[in-house]
Structure formats: structure tokens, C-alpha cells
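# Understanding the architecture of this molecule
As a plain string of letters, each chain reads:
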Amino acid sequence: MKRFFQPVEKDGSLKKKSTLTTSSSLSKSEEKEEQNGESVVITEEKREPLKFISWNANSFLLRVKNNWPEFTEFIAVFDPDVIAIQEVRMPAAGSKGGAKIQGEVKDDTNSSREEKQTLMRALSSPLFRNYQVWWSLADSKYAGTALIVKKCCQPKKVTFSLDQTASKKHEPDGRVILAEFESFRVLNTYVPNNGWKDEENSFQRRRKWDKRVLEFVLRSSDKPLIWCGDLNVSHEELDVSHPDFFSSAKLNGYVPPNKEDCGQPGFTLNERNRFSTILSEGKLVDAYRSLHEEKDMDSGFSWSGNPIGRYRGKRMRIDYFLVSEPLKDRIVSCEMQGHGIELEGFFGSDHCPVTLELSQKTSIDSAES
């Protein structure tokens, strides 16, 4: 990351620009910072993001209150350009059931105001001052997503629905944020859980969601896609620690009428088959699996059951980075940042962060796009 410094005189005027400053034709991001007691302007060349983090925080506010130092240390080391958060669990500003106020967290009561202030203080700390945040939230403390992007990597457009024509409409429960960059789009989603029973708010809801996602992917094929988030599905048997356990799991003894709906939500045959269809027809590549073909019992899963109880040691890979095939050769790394059954590197959540790093776009890539 190139940084150019322009000292500011006491009267507020800029000193003569350093010879390090790039051509004025470049798009730049400027921030002021104190160095040796003197205010300087930091100018960063605009660029596209290359390093990404996706994390289901299982309540972003709780992570800020309880796990922020260790999470910010991880952010400082990895230095991501984009941080995609799922399960924010903060209510949106705006009337219940009405239009959401874009970028605003609820603050019309004393408790919600305090919670918002806690969140904003964390995101205004020195480490995060070079980022901008977008929120897509539910009416209550449920679901919700956030996208945190470096100011030098600002997207051209941000929308909150799988229907790109409805730019100001938020998906119910705030499950979608779509950011469009110069040469690709980034889709951050918190996919609905399949549920255990064949009823309107579970199996049917998930089938409709998967259908809409497939339609979105096919409709958006004009530009490569990076789709990340908690996708709530484990694609293959090597994506769960105990295939037999998950495929035969039941809730209160209930057995769905269709055997392909049986099993742990996220590991039923119907979900996995629909996921296969989205990957194949959408020409999407599972970034992690493209680099890690074998099962990794220590750090190959993004969700881990509670260390106490029947789910101890039972783990699933349900958080992904999926990339369009033209981006496959640019994948440098894709890793699960947590390991072990004691949830090391999960930062208090039941999901660990997943990271993706891409190489710089080459002249060949530019010609093909």
C-alpha cells in the first residue's frame, strides 16, 4: 500500500507536494494523521481489494464487548481490504416493518443508543479509521450483515438486495450486501438456516432463497463475483467432521417425509444438491477447496459445536469464499482461521473467520475482462 505524506502548515495550508506524490490523474483517498506533532495528509492510491475476511460474529456487539482486542490484533496482522460480517444482531434505524435507513443502527432508545455508541467507538479506533462501514440490518436483534471496506478500495456502488434494481431495498433480516468494484462484485450473505421441519419458515424459505441466489448469479454473469459469508451448507462429506452423525441427526425425533430433507440443517441432500447446481451453473469455484483437496480435521472447518454436550468435536465448513472461474488463477490463499475443538481463533463466536487473498490483476486478466 503506497502512502504519500503532505505536511500541513500551522495556518492550514499545504506545503509543496513531495516528489513521491503520484500523478494528479490518479484517484486518491486522503486522511489526516499526526506524525511527530505535525498534522500530515496521507494520500493513498485508489485500488481494488485483494485481501478479504468473512466472519459470522454471532452478535457483533458481543464480540466488541468481549473479544475486541484479540480480533483487532488479528485484523492488524492480516490487514484486510474488505471485512464481511454476518449475524450482526443489531436492529436497523427506521420504523418496524418499514423502510430501513441505510447505514444507520437503531438509536431511538437509551439502551439502543448506548449499544450503538459502543459499536461506533470500536469502529472509530485507529485501526479502523481507514475503513468505511455499510450495514444491512433486521428490525430486531436478529441476523444482519455488515461490510467494512478500506477507504482506498471504495466500491462504485453498494446495494442491499439480490434484486439489483432495488438499490434502496434491504432484504428481510438484512441478509445481503452487494458491493460493485471496477472488475468484480463482492456479495456478502447470511443465508437462512434450512431448519429441521418442512414448514413455511424453514425448508420452503431456504428453497426460495437458493432459487433466488441462482437467478442472481446467472443474471450477474457480466462481471466476476466473489461471494462470501455464512452460506449455511456443507457441500461434501469432507466438509463435516462426522458425516454419519450429521446425515442422521434429528430434532425431537422428527423425520421429514422426504428422506433428502433428513439430517442436520446444512447437510441435507437437498441443500447440498442445490448448492452444487449454483456452483456448476454459476461457474463458481470454492476457493478453499480449490487449494485444500484433503480433509483437515484440525483447521478445516468454520463452525464448531459447543465444547460441552453432544456437539462437542462436531464441526462443519459452512462459511465460504466462492469466486467466478476467471478469478480462480488469482487465488493466493484461502484459510479457516480457527482450529481445534476448543474454538481457538473463533474470537468468541461459534464461527471462525475465513480469509481470502488474491493476486494483483495482470494485463492478461484486463484483456480478458
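Keep in mind it's a predicted model, so treat the numbers as computed, not measured.

Moving on, we come to the overall build of the chain. Broken down by element type, the chain carries eight helices and 17 strands. For the chain, with 369 residues in total, the buried portion stands at 51%. Taking the intrachain contacts of the chain between residues at least 6 apart in sequence as the baseline, contacts between residues at least 24 apart amount to 70%. Carbon and sulfur atoms form 48% of the exposed surface of the chain, whose accessible area is close to 17,400 Å².

It is worth spelling out helix α2 (residues 68-78) at this point. For α2, the full list of buried residues reads Trp 68, Phe 71, Thr 72, Phe 74, Ile 75 and Phe 78. An end-on view of α2 places all buried positions within 155° of arc, on one side of the element. Facing away from the buried side of α2 by over 90 degrees, the exposed positions are Pro 69, Glu 73 and Val 77. Looking one or two residues beyond α2, the residue adopting positive phi is Asp 79, at roughly 55°.

Attention now goes to the environment of Ser 140. Relative to the helices and strands, Ser 140 resides in the loop between β6 (131-136) and β7 (145-150). Setting aside residues no more than four positions away along its own chain, Ser 140 makes contact with Met 90 and Pro 91.

Attention now moves to the sheet that holds strand β11 (residues 225-230). Note: strands within a sheet are paired through backbone hydrogen bonds, in either parallel or antiparallel orientation. Strand order in the open sheet formed by six strands is β8-β9-β10-β11-β15-β12, and the pairing between neighbours is mixed. The sheet terminates laterally at β8 (157-159) and β12 (284-286), the two strands that pair on one side only. Going from strand to strand, the sheet's axes swing by 20° on average, the running direction of each strand aside. Against the sheet, helix α6 (residues 269-281) contacts β11, β12 and β15 (319-324), and its axis sits at roughly 30° relative to β15.

This next bit is on the packing of helix α4 (residues 203-219) against α6. Interaxial distance between α4 and α6 falls to 9 Å at its minimum, and their mutual angle equals 5°. One way to sum up the angle between α4 and α6 is to call them roughly parallel. Contact residues: Arg 206, Arg 207, Asp 210, Val 213, Leu 214 and Leu 218 in α4; Asn 270, Glu 271, Arg 274, Thr 277, Ile 278 and Glu 281 in α6.

On to the environment of Tyr 131. Note that Tyr 131 resides in strand β6. Look at Tyr 131 and you get buried, because its relative accessible area is 9%. When the C-alpha atoms of Tyr 131 and Asp 81 are compared, they prove to be 8.4 Å apart, with 50 residues separating the residues in sequence. Ignoring any residue separated from it by four or fewer positions in sequence, one finds Tyr 131 in contact with Ile 75, Asp 79, Pro 80, Asp 81, Ile 83, Ile 148, Val 149, Lys 150 and Lys 151. From its side chain, Tyr 131 meets the backbone oxygen of Pro 80 in a polar contact 2.6 Å long.

Before going further, it helps to spend a moment on the packing of aromatic side chains. Following the criterion strictly, the structure yields 18 aromatic pairs and no others. Ring plane angle 20° and centroid distance 6.4 Å describe the contact between Phe 74 and Phe 78, whose orientation is recorded as stacked. Of the two residues, Phe 74 and Phe 78 are both situated in helix α2; the distance of four residues between them amounts to about one turn of the helix. Taking the relative accessible area as the measure of exposure, Phe 78 reaches 13% and is therefore buried. Positioned above the aromatic ring of Tyr 254 is the side chain of Lys 197, whose terminal nitrogen or guanidinium carbon lies 5.4 Å from the ring centre. Positioned above the aromatic ring of Phe 267 is the side chain of Arg 272, whose terminal nitrogen or guanidinium carbon lies 4.2 Å from the ring centre.

A few words on the pairing of β11. Summarising burial for β11: six of the six residues are buried, a large majority. With six bridges joining them, strand β10 (residues 185-190) and β11 adopt parallel strand pairing. Note that in β11 the partner of Leu 187 across the bridge is Trp 227. What joins β10 to β11 is α4, and the crossover it makes is right-handed. The pairing of β11 with β15 spans five bridges and is antiparallel. In the sheet register, Ile 226 faces β15, and the bridge partner there is Val 323.

Judged by how many residues are buried, β15 sits mostly within the fold: six of six residues are covered. Taking every second residue as pointing to the same face, both faces of β15 are buried, with Asp 319, Phe 321 and Val 323 on one and Tyr 320, Leu 322 and Ser 324 on the other. With three bridges connecting them, β12 and β15 associate as antiparallel partners. Following the sheet pairing, Val 285 is matched in β15 by Val 323.

Cut-offs applied
Residues numbered from 1 in each chain as written. Predicted model: local features only at pLDDT ≥ 70, side-chain atom pairs only at ≥ 80, totals over all residues. Heavy atoms only, no water. Helix = DSSP H or I, 4+ residues; strand = E, 2+ residues; numbered from the N terminus. Buried < 20%, exposed > 50% of the residue type's maximum accessible area, 1.4 Å probe, protein only. Contact = heavy atoms within 4.5 Å. Areas by Shrake-Rupley, 256 points an atom, 1.4 Å probe, with all protein chains shown as cover. Arc of directions from axis to C-beta. Pairing = 2+ DSSP bridges. Axes fitted to C-alpha atoms, helices over the stretch in contact; angles between N-to-C directions. Parallel < 35°, antiparallel > 145°, perpendicular 65-115°, else oblique. Polar contact = N/O pair within 3.5 Å; in protein donor to acceptor, adjacent residues only side chain to side chain. Phe/Tyr/Trp six-rings, centres within 6.5 Å; stacked < 30°, edge-to-face > 60°. Lys NZ or Arg CZ within 6 Å of the ring centre and 35° of its normal. Right-handed = clockwise from strand over helix to strand, strands pointing away.

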